[in-house]
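# Analysis of the macromolecular model
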Amino acid sequence: MNTKFMFLLLIVFSANLWGQNNTFAVQSSNFLTFFSANPSDEPKTNIEGSQYINKDFLPSEISCLTEKTPPIRYNVFKEEMEFILDNKLYYVKKNDSCIISVGNNSYKYFDSYNKEKKGGYLMILNKLNNPKHILYKKDKVKFVPEYIPNSTYGKEKPASYAIDKSKYYISMPDGMTEFPMKKSELIKLFPNHKEPIESFLNDKKISFSEESNLKELIDFLNTL
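Once a new chain begins, its residue numbering starts again from 1 and follows that chain's sequence as written. The model is predicted, so local features are restricted to residues of pLDDT at least 70 and side-chain atom pairs to those at 80 or more, both for listing and for counting; the totals for chains, interfaces and linings are taken over all residues. Excluding hydrogens and water, the side-chain figures rest on all heavy atoms present in the structure.

### Some words on the overall build of the chain
Looking only at helices and strands, the chain has 4 helices and 11 strands in total. For the exposure calls, accessible area comes from a 1.4 Å probe over protein chains only, and a residue counts as buried if that area is under 20% of its type's maximum, exposed if over 50%, partly exposed in between. Within the chain, the proportion of its 224 residues that are buried is 38%. Throughout, the Shrake-Rupley method with a 1.4 Å probe supplies accessible areas, and for residues the shown protein chains are the sole cover considered. As displayed, the chain has an accessible area near 14,300 Å², and 51% of this comes from carbon and sulfur atoms. Counting from the N terminus, the helices are DSSP H or I runs at least four residues long and the strands are E runs at least two residues long.

Have a look at this one:
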(Lines give C-alpha, C1' and ligand atoms only; values in the text may rest on other atoms or scores of the structure.)
Protein backbone atom coordinates (compact mmCIF):
# COMPACT_ATOMS: atom_id res chain seq x y z
CA MET A 1 0.00 0.00 0.00
CA ASN A 2 1.68 3.24 -1.13
CA THR A 3 2.04 6.40 0.95
CA LYS A 4 -0.42 8.45 -1.14
CA PHE A 5 -3.18 5.87 -0.68
CA MET A 6 -2.53 5.68 3.08
CA PHE A 7 -2.79 9.45 3.35
CA LEU A 8 -6.13 9.48 1.50
CA LEU A 9 -7.39 6.64 3.69
CA LEU A 10 -6.48 8.61 6.82
CA ILE A 11 -8.43 11.66 5.63
CA VAL A 12 -11.52 9.57 4.79
CA PHE A 13 -11.35 7.77 8.14
CA SER A 14 -11.02 11.05 10.04
CA ALA A 15 -13.92 12.67 8.22
CA ASN A 16 -16.21 9.69 8.88
CA LEU A 17 -15.28 9.54 12.54
CA TRP A 18 -15.97 13.23 13.19
CA GLY A 19 -19.35 13.06 11.44
CA GLN A 20 -20.88 14.17 8.17
CA ASN A 21 -21.45 17.76 9.32
CA ASN A 22 -17.69 18.12 9.96
CA THR A 23 -18.37 20.04 13.19
CA PHE A 24 -14.92 19.07 14.44
CA ALA A 25 -11.94 18.04 12.37
CA VAL A 26 -8.39 16.86 12.82
CA GLN A 27 -5.39 18.35 11.14
CA SER A 28 -4.13 16.32 8.19
CA SER A 29 -0.89 14.78 9.38
CA ASN A 30 1.06 11.56 9.57
CA PHE A 31 -0.66 10.53 12.80
CA LEU A 32 -4.14 10.59 14.28
CA THR A 33 -4.53 13.15 17.04
CA PHE A 34 -6.98 11.00 18.99
CA PHE A 35 -7.73 7.37 19.71
CA SER A 36 -10.65 5.38 21.03
CA ALA A 37 -10.74 4.43 24.71
CA ASN A 38 -11.38 0.84 25.72
CA PRO A 39 -14.78 0.11 27.31
CA SER A 40 -12.87 -1.06 30.40
CA ASP A 41 -11.53 2.49 30.80
CA GLU A 42 -14.91 3.73 31.99
CA PRO A 43 -14.75 4.52 35.75
CA LYS A 44 -16.16 1.71 37.91
CA THR A 45 -19.40 2.63 39.65
CA ASN A 46 -18.53 0.79 42.88
CA ILE A 47 -15.66 3.17 43.66
CA GLU A 48 -16.51 6.37 45.51
CA GLY A 49 -15.19 9.77 44.48
CA SER A 50 -14.09 10.79 41.01
CA GLN A 51 -11.11 10.48 38.66
CA TYR A 52 -11.76 14.13 37.74
CA ILE A 53 -11.40 17.43 39.54
CA ASN A 54 -13.90 18.83 37.06
CA LYS A 55 -16.13 16.28 35.28
CA ASP A 56 -17.58 18.82 32.82
CA PHE A 57 -16.60 18.80 29.15
CA LEU A 58 -15.42 22.35 28.43
CA PRO A 59 -14.65 24.34 25.25
CA SER A 60 -11.17 23.47 24.03
CA GLU A 61 -8.33 24.47 21.73
CA ILE A 62 -5.20 22.58 20.75
CA SER A 63 -2.30 24.83 19.75
CA CYS A 64 -0.94 22.50 17.06
CA LEU A 65 -4.33 22.21 15.33
CA THR A 66 -6.00 24.92 13.29
CA GLU A 67 -9.36 23.14 13.21
CA LYS A 68 -12.13 23.43 15.77
CA THR A 69 -11.88 20.87 18.56
CA PRO A 70 -14.60 19.22 20.69
CA PRO A 71 -15.36 19.93 24.35
CA ILE A 72 -12.71 18.20 26.47
CA ARG A 73 -12.29 17.20 30.12
CA TYR A 74 -9.10 16.26 31.92
CA ASN A 75 -9.05 12.84 33.58
CA VAL A 76 -6.46 13.61 36.26
CA PHE A 77 -6.18 10.03 37.52
CA LYS A 78 -5.61 8.45 34.10
CA GLU A 79 -3.65 11.42 32.67
CA GLU A 80 -5.93 11.61 29.64
CA MET A 81 -7.70 14.44 27.82
CA GLU A 82 -11.11 13.01 26.96
CA PHE A 83 -14.00 13.84 24.68
CA ILE A 84 -17.24 12.15 23.66
CA LEU A 85 -18.39 11.54 20.10
CA ASP A 86 -21.47 9.51 19.20
CA ASN A 87 -21.65 8.31 22.82
CA LYS A 88 -18.11 6.90 22.64
CA LEU A 89 -15.13 7.99 24.73
CA TYR A 90 -11.95 9.16 22.99
CA TYR A 91 -8.53 10.34 24.21
CA VAL A 92 -6.45 13.12 22.68
CA LYS A 93 -3.07 11.79 21.54
CA LYS A 94 -0.36 12.92 23.96
CA ASN A 95 2.05 15.39 22.38
CA ASP A 96 4.69 17.38 24.26
CA SER A 97 4.76 20.15 21.64
CA CYS A 98 1.07 21.13 21.92
CA ILE A 99 -0.78 23.28 24.45
CA ILE A 100 -4.32 22.09 25.24
CA SER A 101 -6.73 24.72 26.54
CA VAL A 102 -9.71 23.36 28.47
CA GLY A 103 -12.08 26.09 29.64
CA ASN A 104 -9.92 28.74 31.32
CA ASN A 105 -6.96 26.41 31.93
CA SER A 106 -4.05 25.50 29.66
CA TYR A 107 -2.06 22.27 29.88
CA LYS A 108 1.17 20.90 28.46
CA TYR A 109 2.13 17.23 28.43
CA PHE A 110 5.56 16.14 29.66
CA ASP A 111 7.02 12.66 29.19
CA SER A 112 9.00 13.28 32.37
CA TYR A 113 8.46 16.14 34.79
CA ASN A 114 9.77 14.88 38.16
CA LYS A 115 12.51 12.77 39.73
CA GLU A 116 10.44 9.63 39.25
CA LYS A 117 10.48 10.28 35.47
CA LYS A 118 6.71 10.31 35.50
CA GLY A 119 4.72 11.69 32.57
CA GLY A 120 1.59 13.81 32.77
CA TYR A 121 -0.27 17.02 32.03
CA LEU A 122 0.81 20.15 33.89
CA MET A 123 -1.29 23.30 34.11
CA ILE A 124 0.45 26.49 32.96
CA LEU A 125 0.06 29.29 35.53
CA ASN A 126 2.04 32.09 33.83
CA LYS A 127 0.19 34.93 32.16
CA LEU A 128 3.25 36.58 30.59
CA ASN A 129 4.21 35.93 26.97
CA ASN A 130 7.54 34.16 26.32
CA PRO A 131 8.67 34.06 29.97
CA LYS A 132 12.14 32.91 30.99
CA HIS A 133 10.56 30.69 33.63
CA ILE A 134 7.19 28.94 33.52
CA LEU A 135 5.27 27.94 36.64
CA TYR A 136 3.31 24.71 36.35
CA LYS A 137 0.74 23.10 38.64
CA LYS A 138 0.34 19.32 38.83
CA ASP A 139 -3.10 18.26 39.99
CA LYS A 140 -3.34 14.76 41.43
CA VAL A 141 -6.09 12.25 42.12
CA LYS A 142 -5.09 9.12 44.01
CA PHE A 143 -6.77 5.74 44.41
CA VAL A 144 -7.51 4.69 47.99
CA PRO A 145 -8.04 0.90 48.27
CA GLU A 146 -10.95 -0.63 50.12
CA TYR A 147 -10.35 -0.94 53.85
CA ILE A 148 -11.62 -4.02 55.70
CA PRO A 149 -10.81 -3.93 59.44
CA ASN A 150 -9.33 -6.91 61.24
CA SER A 151 -11.73 -6.55 64.14
CA THR A 152 -15.34 -5.56 64.76
CA TYR A 153 -14.18 -2.23 66.24
CA GLY A 154 -12.96 -0.86 62.94
CA LYS A 155 -15.14 0.69 60.27
CA GLU A 156 -15.15 -0.70 56.77
CA LYS A 157 -14.43 1.83 53.99
CA PRO A 158 -15.07 1.33 50.27
CA ALA A 159 -12.44 1.99 47.63
CA SER A 160 -12.37 5.60 46.50
CA TYR A 161 -10.69 8.29 44.43
CA ALA A 162 -9.45 11.29 46.41
CA ILE A 163 -7.97 14.62 45.35
CA ASP A 164 -4.36 14.72 46.49
CA LYS A 165 -2.24 17.79 47.25
CA SER A 166 -1.11 19.65 44.15
CA LYS A 167 2.56 20.21 43.42
CA TYR A 168 4.23 23.08 41.58
CA TYR A 169 7.12 23.00 39.12
CA ILE A 170 9.27 25.65 37.45
CA SER A 171 11.12 25.50 34.16
CA MET A 172 14.81 26.36 34.48
CA PRO A 173 17.58 26.56 31.84
CA ASP A 174 18.73 23.05 32.79
CA GLY A 175 15.23 21.53 32.93
CA MET A 176 12.18 21.20 35.13
CA THR A 177 12.40 21.24 38.92
CA GLU A 178 9.91 21.24 41.77
CA PHE A 179 9.12 24.81 42.81
CA PRO A 180 10.71 25.72 46.16
CA MET A 181 8.26 26.05 49.03
CA LYS A 182 10.63 27.96 51.33
CA LYS A 183 12.57 31.21 50.99
CA SER A 184 15.91 29.52 51.62
CA GLU A 185 15.25 26.94 48.89
CA LEU A 186 14.18 29.63 46.43
CA ILE A 187 17.38 31.59 47.00
CA LYS A 188 19.42 28.42 46.40
CA LEU A 189 17.70 28.19 43.03
CA PHE A 190 18.50 31.84 42.24
CA PRO A 191 21.74 32.48 44.20
CA ASN A 192 22.69 35.56 42.18
CA HIS A 193 19.48 37.39 43.11
CA LYS A 194 19.36 36.90 46.88
CA GLU A 195 18.75 40.54 47.86
CA PRO A 196 15.97 41.42 45.38
CA ILE A 197 14.17 38.14 46.14
CA GLU A 198 14.29 38.71 49.89
CA SER A 199 13.07 42.27 49.42
CA PHE A 200 10.18 41.15 47.18
CA LEU A 201 9.10 38.38 49.57
CA ASN A 202 9.07 40.78 52.52
CA ASP A 203 7.41 43.70 50.74
CA LYS A 204 4.65 41.57 49.18
CA LYS A 205 4.32 39.28 52.22
CA ILE A 206 4.45 36.29 49.89
CA SER A 207 3.03 33.03 51.21
CA PHE A 208 4.32 29.87 49.53
CA SER A 209 1.04 28.14 50.37
CA GLU A 210 -1.07 30.55 48.30
CA GLU A 211 -1.25 29.90 44.57
CA SER A 212 -2.05 33.55 43.80
CA ASN A 213 1.18 34.52 45.61
CA LEU A 214 3.17 31.99 43.60
CA LYS A 215 1.84 33.58 40.41
CA GLU A 216 3.06 36.96 41.63
CA LEU A 217 6.39 35.45 42.51
CA ILE A 218 6.94 33.80 39.12
CA ASP A 219 6.18 37.11 37.38
CA PHE A 220 8.80 38.77 39.55
CA LEU A 221 11.38 36.05 38.92
CA ASN A 222 10.92 36.61 35.20
CA THR A 223 12.11 40.21 35.63
CA LEU A 224 15.46 39.21 37.16
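### Side note on helix H3 (residues 194-204)
Regarding H3, the residues found buried are Ile-197, Phe-200 and Leu-201. Angularly, the buried residues of H3 cover 95° about the axis, an arc narrow enough to put them on a single face. Exposed positions of H3 whose direction lies more than 90 degrees from the buried face are Glu-195 and Asp-203. One or two positions beyond H3, positive phi appears at Lys-205, with a value near 50°. Directions are taken from the helix axis to each C-beta atom, and the arc is the one they span.

### A word on the nonpolar core
Met-81, Ile-100, Phe-179, Leu-186, Ile-197, Leu-217 and Leu-221 are the most contacted members of the largest nonpolar core, which has 40 residues in total. The biggest single contributor to this core is helix H4 (residues 211-221), with 5 residues. Contacts between residues were defined by any pair of non-hydrogen atoms, one from each residue, lying within 4.5 Å. Setting aside residues no more than four positions away along its own chain, Leu-186 makes contact with Phe-179, Pro-180, Ile-197, Leu-201, Phe-208, Leu-217 and Leu-221. Among buried residues, those of type Ala, Val, Leu, Ile, Met, Phe, Trp, Tyr and Cys that are joined through side-chain atoms within 4.5 Å constitute a nonpolar core.

### Thoughts on unusual backbone geometry
You will see that Asp-86, though not glycine, has its phi angle at about 50°, which is positive. Relative to the helices and strands, Asp-86 is located in the loop between strand E4 (80-85) and strand E5 (88-92). Its identity is not glycine, yet Asn-130 carries a phi of approximately 50°, on the positive side. With respect to the helices and strands, the residue Asn-130 is situated in the loop between strand E8 (120-124) and strand E9 (135-144).

### Things to note about the confidence of the model for the chain
Values of pLDDT, which run from 0 to 100, indicate the predictor's confidence residue by residue. Looking at the chain, the pLDDT average stands at 83 and 81% of residues meet or exceed 70. In this model residues 1-23 is a low-confidence stretch, pLDDT under 50, and it forms 21 contacts with partners more than four residues away in sequence or in other chains. Confidence drops under pLDDT 50 across residues 25-32; counting only partners more than four residues distant or on other chains, this segment forms 22 contacts.

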